[in-house]
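# Structural characterization, general
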Amino acid sequence: MPLPRLSDVIAALENLWPAERAESWDAVGTVVGEPGQEVGRVLFAVDPVQDVVDEAVRLGADLLVTHHPLYLRGTTTVAASTFKGRVVHTLIKNDIALHVAHTNADTADPGVSDALAGALGLRVVRPLVPDRADPDGRRGLGRICELDHPLTVGELAARAAERLPATAQGIRVAGDPDAVVRTVAVSGGSGDSLFDHVRAAGVDAFLTADLRHHPTSEARAHSPLALLDAAHWATEWPWCELAAAQLDEISDRNGWGLRVHVSRTVTDPWTAHAASTATESLGAPN
Ligand SMILES: [Zn+2]
């Protein structure tokens, strides 16, 4: 059986995550690649950064699929003296294609937040912000989930710290660690624009990334909602495993014999964490 062409593999990826379902500001689809080139090995990763591209080269990958776009805005140079131009040069010199599935993978069924919920052992009930174009009500941003057995906020944070890939940040918590959690909203990536939807859903906890001071303190002031904040990369990495399994299944069905890998490169930019040791306390954190 001959290896599939890049165009065949891209068509399968577009079927999973149609480009037209991406947000209008997003930049998804194929960034680098010859449609006629053969693909034998595929690597999935969150970020199209140089370390990941170097990993793709070492692996002998023909296609790198990332969640985050390489270029989100227009550019006038791919000179190798620029960070992103260096990525483009390395890809082309090594015959590696790059394809991006970003907000079209966020809202897919299954999508980024399903993978996050799965990693945490949560049962998905419905999208947090349903896609009105989906008659089945399965697609959309974030997921509302239930726990089979209630956990305390502290136990849920410990579970997230154990099951998501390790980062310097770990899991930050806002809320009573002993409060009982039965329902959780999750959203892979930056989630603090979703507080209104989370409040409307009436869940006990919200797990996401990149929570900022003001939205977080406002969300805490008006409800007992517990907030769990993980590293952005860590909340989206489980999607790489889900997406790799989806492509593996398509490869088996088509007899393509693809070798599908998930990146082991940590692309969370934060590298260390120092717990506060100041001796003068301003009062117990609440
Ligand atoms: Zn992201």
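Report on the accompanying structure. (Residues numbered from 1 in each chain as written. Predicted model: local features only at pLDDT ≥ 70, side-chain atom pairs only at ≥ 80, totals over all residues. Heavy atoms only, no water.)

## Remarks on the pattern of salt bridges
When the charged atoms of two side chains lie near each other, side chains of opposite charge can form a pair. Tallied over the full model, the rule gives ten salt bridges. Across the pair Arg-123 and Glu-146 runs a salt bridge, and its minimum N-O distance is 3.0 Å. Residue Arg-123 is located in strand 5 (residues 123-130), and its partner Glu-146 is located in strand 6 (residues 140-152); the two are separated by 23 residues in the primary sequence. Residue classification places Arg-123 among the partly exposed residues on the basis of a relative accessible area of 39%. For the salt bridge of Arg-123 with Asp-148, the shortest nitrogen-to-oxygen distance reads 2.8 Å. Of this pair, Arg-123 sits in strand 5 while Asp-148 sits in strand 6, and the two are 25 residues apart along the sequence. In this structure, a network of salt bridges that share partners links the residues Arg-123, Glu-146 and Asp-148. (Salt bridge = Lys/Arg side-chain N within 4 Å of Asp/Glu carboxyl O. Helix = DSSP H or I, 4+ residues; strand = E, 2+ residues; numbered from the N terminus. Buried < 20%, exposed > 50% of the residue type's maximum accessible area, 1.4 Å probe, protein only.)

## A word on the sheet that holds strand 3 (residues 63-66)
Strand order across the open sheet formed by five strands is 1-4-3-2-11, with mixed pairing between neighbours. Bordering the open sheet on either side are strand 1 (29-32) and strand 11 (259-262), each of which pairs with just one other strand. Each adjacent strand pair in this sheet contributes to an overall mean axis angle of 25°, direction not counted. Where strand 1 lies against strand 4 (residues 97-100), three bridges are found, and the strand directions are antiparallel. Pairing of Val-32 across the sheet is with Leu-98, part of strand 4. (Pairing = 2+ DSSP bridges. Axes fitted to C-alpha atoms, helices over the stretch in contact; angles between N-to-C directions.)

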